[in-house]
Amino acid sequence: MIGRVGLSCRTRCMRNGFSGSVWSLLLVVVAACGWVPADVFALDQRIQMDESNFDRNVLGGTEVEARNKCKNAISVRIAFVELSCQLTLDQRKKLELAGGGDVERFFCAYKHLKSEMKFGSLTMDEWNAMWQKMSPLQTRFQAGLHEHDSLLMKTVSSTLDHDQLEKFQDLQRRRAVGLYGKYLRVAVQMIEQQAPLTIDQRTRLTDLLLEKADLPGYYGDGRQAIYLVLYTFTTVPQDELQAIFSDIEWTVVERFVRVGNSRGLQNMNWIVR
Amino acid sequence: MSGIRTWMFLVTLMSAFAVAPTADAQNPFGEMFRAVGNIFGRPAAPPKPPPPRIISMKGIEVDADFSNKFTAPLRKMLNAELHFVRKVCEPTDEEFAAIYRRGIQVVAKMARHYETQEQAGQRANTWELPAKVFLRELPIEFSELLTPEKLVRYTTELEARKKALDDAARGMTVVAIDADCFFTPHQIDAVDQHLQENWSQAWSRNHQMYMYTQYMPLPSTAELGDQLTDAQAKNWSARSNRGRVSFGWEFDFGAQNHIAGNNNGLPPIAEPAPIVNEAGQAEPEAKSLAEVTDEELAEYEQAMELAEAEE
């Protein structure tokens, strides 16, 4: 309708001596100055979506690039296992196969979704519906395909012998401690934005958590990771935690811990100390 | 018909851009093209992040009651700082009243400064973080209002807070890279150390940004030196770079708290009543350190020694 109105106005103006380009320029100026609400024009807005756009949205590049990235990721994960223990050729092959299985499982879901997609000129509603379907797959790819519930990690547990597994788990624990320390600094800063801490308070807080908190084995994206670290505040003795803060400070800290408690437990696995 | 449709699409794009709040007045079209590139998957070259603009409080002359849109969030931050001064320095009522008034003046100057930057079209994500400005300016401003001993305690604590802020930025950078590179325990510390030695202020952002790691400014493969293995370096080079995104000044300011909410900080400190003497007259302000005579300083040191001996 907007198009028809625009067309008829344009025709009348051209009869009166307005050139098409002047009319167009006027429209641009009017819109750019914000005199016309954007949603009026958005009625007619369409988005061109093709297969390569789909790939870039889900995989951050082409399928070939994404598969190369996955191949590298498997090498990085197996190198990590090998850092803890010597793998036999057979074990290594099994892990590579399992890693490849995770990748294929993902690409199977990706291809299935792609085959269901309608490409071409999409309305905003169609685009939004498409995005709703693409988004979980994008998140899954960005988070990595070899986390704790992956075929690769399950195969590590079933393929390594007792001695190897112990060494691997020890390496994982040390990695978990290292990462937790880094995340903890951030979570403490989030609290300090509202209630700054003294050197003594900061030291006591980080010492208590590093010593006694449960260690997450997987963090997810940034937001989830912060919630998770705040959740770990609930896994230390609460009287010891509360003793670090004054009463008014504790009301602030408690709010953070409550948020962590309610949001930090999704998709979680823990590293046993 | 197809001509008018093309123009309508362009107009829509322009109008959406015109009505959307943005601080990117320096290069609006660059931002627009990057946004379009993100939607349609064409990776645009990320702009080189500019260094943060450092506030110089010198030369900013403004009344203490000056106020603009930046004043309210800055006052909230000042409130937390005033709680901190109380906790660390345990000032007398007279000292605290003077500190409070000076804090309000600092906020007025900062509000004026940020307004000037905004009017000059500088992007909010290039402004120096208010949290850092407070940490740098408050000890200077309060130096003449606190006793030397209290001032030493205060500056020591603020230095530690500055370090903790930088440590957090570095820590989050390490874990953001780890998401793609899966570090060994040794690498976690080695990369942290490397970043400490080669830190770029362009990687420091308001820490609310850490909740959205995909938009964090992160070092390139080259900037990480030889810390990564070949496979890790390939993974890190292949990541999508989204450039330096601004979510608006409130976000970049640290005025929003995405976890605990914006209004859940420490309780507001009321303005201290003016100190009056027995005759009901307002007491003069505390002397600045420059005004203290040698005799008064000697008297003070003697009193301190006596107090220590009594303890």
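Structure report, in brief. (Residues numbered from 1 in each chain as written. Chains lettered and ligands numbered in written order. Predicted model: local features only at pLDDT ≥ 70, side-chain atom pairs only at ≥ 80, totals over all residues. Heavy atoms only, no water.)

Some details on the overall build of chain A
Assigned secondary structure in chain A consists of 13 helices and 4 strands. In chain A, buried positions account for 46% of the 273 residues. Accessible area for chain A stands at about 13700 Å²; split by element, carbon and sulfur atoms hold 54% of it. (Helix = DSSP H or I, 4+ residues; strand = E, 2+ residues; numbered from the N terminus. Buried < 20%, exposed > 50% of the residue type's maximum accessible area, 1.4 Å probe, protein only. Areas by Shrake-Rupley, 256 points an atom, 1.4 Å probe, with all protein chains shown as cover.)

Some details on empty space enclosed by the protein
Summed over all chains, the structure comprises 2 cavities of 30 Å³ or more. Roughly 370 Å³ of internal volume is contained in the largest cavity. When contributions to the lining of the largest cavity are tallied by element, the ones reaching two or more residues are α9 (162–192) of chain A together with α3 (71–89), α5 (130–142) and α6 (148–181) of chain B. Together, 16 residues line the second largest cavity, and A73(A), G144(A), L145(A), D180(B) and N235(B) are the ones closest to its centre. Element by element, the count of residues in the lining of the second largest cavity is highest for helix α5 (residues 63–84) of chain A, at 5 residues. (1 Å grid on protein atoms, 1.4 Å probe; cavity = no way out; pocket = protein on both sides within 12 Å on 5 of 7 lines; lining within 4 Å. Points joined across faces, edges and corners; volume = space filled by probe spheres on them.)

As for the packing of aromatic side chains
Within the structure shown, the criterion is met by 20 aromatic pairs over all chains. Here F70(B) and W249(B) contribute two aromatic rings whose centre-to-centre distance is 4.8 Å and whose plane-to-plane angle is 75°, an arrangement assigned as edge-to-face. In this pair, F70(B) is assigned in the loop between α2 (28–40) and α3 and W249(B) in helix α9 (residues 249–253), connecting sequence segments 179 residues apart. You'll find F70(B) and W249(B) in the same group, each marked buried. Plain terms: the ring middles of Y114(B) and W127(B) are 5.5 Å apart, the flat faces sit at 40° to each other, and that makes the pair tilted. Taken as a pair, Y114(B) in helix α4 (residues 93–119) and W127(B) in the loop between α4 and α5 lie far apart in primary sequence, 13 residues in all. Grouping residues by exposure puts Y114(B) and W127(B) together as buried. Grouping aromatic residues by their ring pairs yields a cluster made of F54(A), F106(A), F107(A), Y110(A), F119(A) and F141(A). Just above the ring of F107(A) sits the side chain of R67(A); from NZ or CZ to the centre is 4.1 Å. Over the face of the ring belonging to F182(B) we find R175(A), whose NZ or CZ atom lies 3.7 Å from the ring centre. (Phe/Tyr/Trp six-rings, centres within 6.5 Å; stacked < 30°, edge-to-face > 60°. Lys NZ or Arg CZ within 6 Å of the ring centre and 35° of its normal.)

Quick notes on α5(B)
Residues and elements named next belong to chain B. Compared with the 18 Å implied by 1.5 Å per residue over 13 residues, the 17 Å span of α5 between its first and last C-alpha is a close match. Along α5, the helix axis deviates most sharply at R136, where the bend reaches about 25°; the proline P139 sits within four residues downstream. Considered for burial, the residues of α5 that qualify are P130, K132, V133, F134, L135, E137, L138, P139, E141 and F142. Buried residues along α5 sit against α3, α4, α6 and α9. (Expected span 1.5 Å × (residues − 1). Bend = angle between axes of the 7 residues up to and from the residue. Contact = heavy atoms within 4.5 Å.)

Side note on the nonpolar core
In this structure, L205(A), F233(A) and I259(B) are the most contacted members of the largest nonpolar core, which totals 62 residues. Of all the secondary structure elements, the ones that give two or more residues to this core are α9, α10 (199–212), α11 (222–232) and α13 (247–263) of chain A together with α6, α7 (185–197) and α8 (230–237) of chain B. No other element matches the 10 residues that α9(A) contributes to this core. With 38 residues, the next largest nonpolar core counts L87(A), F107(A), M130(A) and L160(A) among its residues. (Core = buried A, V, L, I, M, F, W, Y, C linked by side-chain atoms within 4.5 Å.)

Details of the side chain of T147(B)
All names here are of chain B. Relative to the helices and strands, T147 is located in the loop between α5 and α6. Residue class for T147 comes out buried when judged on its relative accessible area of 18%. When neighbours within four sequence positions are excluded, T147 is seen to be in contact with E95 and Y300.

A few points about a negative patch on the surface
On the surface, E301(B), E305(B), E308(B), E310(B) and E311(B) cluster together into a negatively charged patch. The topology assignment puts E311(B) in the segment after α10 (294–310). (Patch = residues over 30% accessible without salt bridge, like charges linked within 9 Å, V, L, I, M, F, W, Y side chains within 5 Å. Salt bridge = Lys/Arg side-chain N within 4 Å of Asp/Glu carboxyl O. Lys, Arg positive; Asp, Glu negative; His and termini not counted. Charge placed at Lys NZ, Arg CZ, Asp CG, Glu CD.)

With respect to unusual backbone geometry
All names here are of chain B. A positive phi is found at E90, a non-glycine position, where the angle reads about 45°. Mapped onto the fold, E90 is located in the loop between α3 and α4. By relative accessible area, which is 58% here, E90 ends up exposed. In this model, F182 sits at a positive phi of 50°, which is unusual for a non-glycine residue. With respect to the element layout, F182 can be found in the loop between α6 and α7.

Topic: the packing of α9(A) against α11(A)
Residues and elements named next belong to chain A. Between α9 and α11, the least distance of the axes is 9 Å, while the angle of their chain directions is 90°. Between α9 and α11, the interaxial angle falls into the category roughly perpendicular. Facing Y180, Y183, L184, V186, A187, M190 and I191 of α9, the residues of α11 in contact are A225, I226, V229, L230 and T232. Broken down by class, the residue content of the contact of α9 with α11 amounts to 11 nonpolar, 1 polar and no charged. (Axes fitted to C-alpha atoms, helices over the stretch in contact; angles between N-to-C directions. Parallel < 35°, antiparallel > 145°, perpendicular 65-115°, else oblique. Nonpolar A, V, L, I, M, F, W, Y, C, P; charged D, E, K, R; others polar.)

Things to note about the pattern of salt bridges
Residue and element names in this part refer to chain A. Summed over the entire model, instances satisfying the criterion amount to 35 salt bridges over all chains. The salt bridge involving R77 is made with E147; its shortest N-O contact spans 3.1 Å. One end of the pair, R77, is in helix α5; the other, E147, is in the loop between α7 (124–143) and α8 (151–159), with 70 residues separating them in the sequence. Taken as a pair, R77 and E147 share a single burial class, namely buried.

Description of the packing of α5(A) against helix α6 (residues 89–116) of chain A
Residue and element names in this part refer to chain A. Between α5 and α6, whose axes approach to 10 Å, the crossing angle comes to 150°. Classed by the angle they form, the pair α5 and α6 counts as roughly antiparallel. As α5 packs across α6, the resulting crossing turns out to be right-handed. Where α5 abuts α6, its residues E63, A66, R67, C70, I74, I78, V81 and E82 lie against R92, L95, E96, G99, G100, V103, E104, F107, Y110 and K111. For the contact of α5 with α6, the residue count by class is 9 nonpolar, 2 polar and 7 charged. (Left-handed = near helix turned anticlockwise from the far one by under 90°.)

Quick notes on the side chain of K150(B)
Among the secondary structure elements, K150(B) is positioned in helix α6. Sequence-distant contacts of K150(B), that is, excluding residues within four places in its chain, are made with C89(B), E90(B), P91(B), T92(B) and E95(B).

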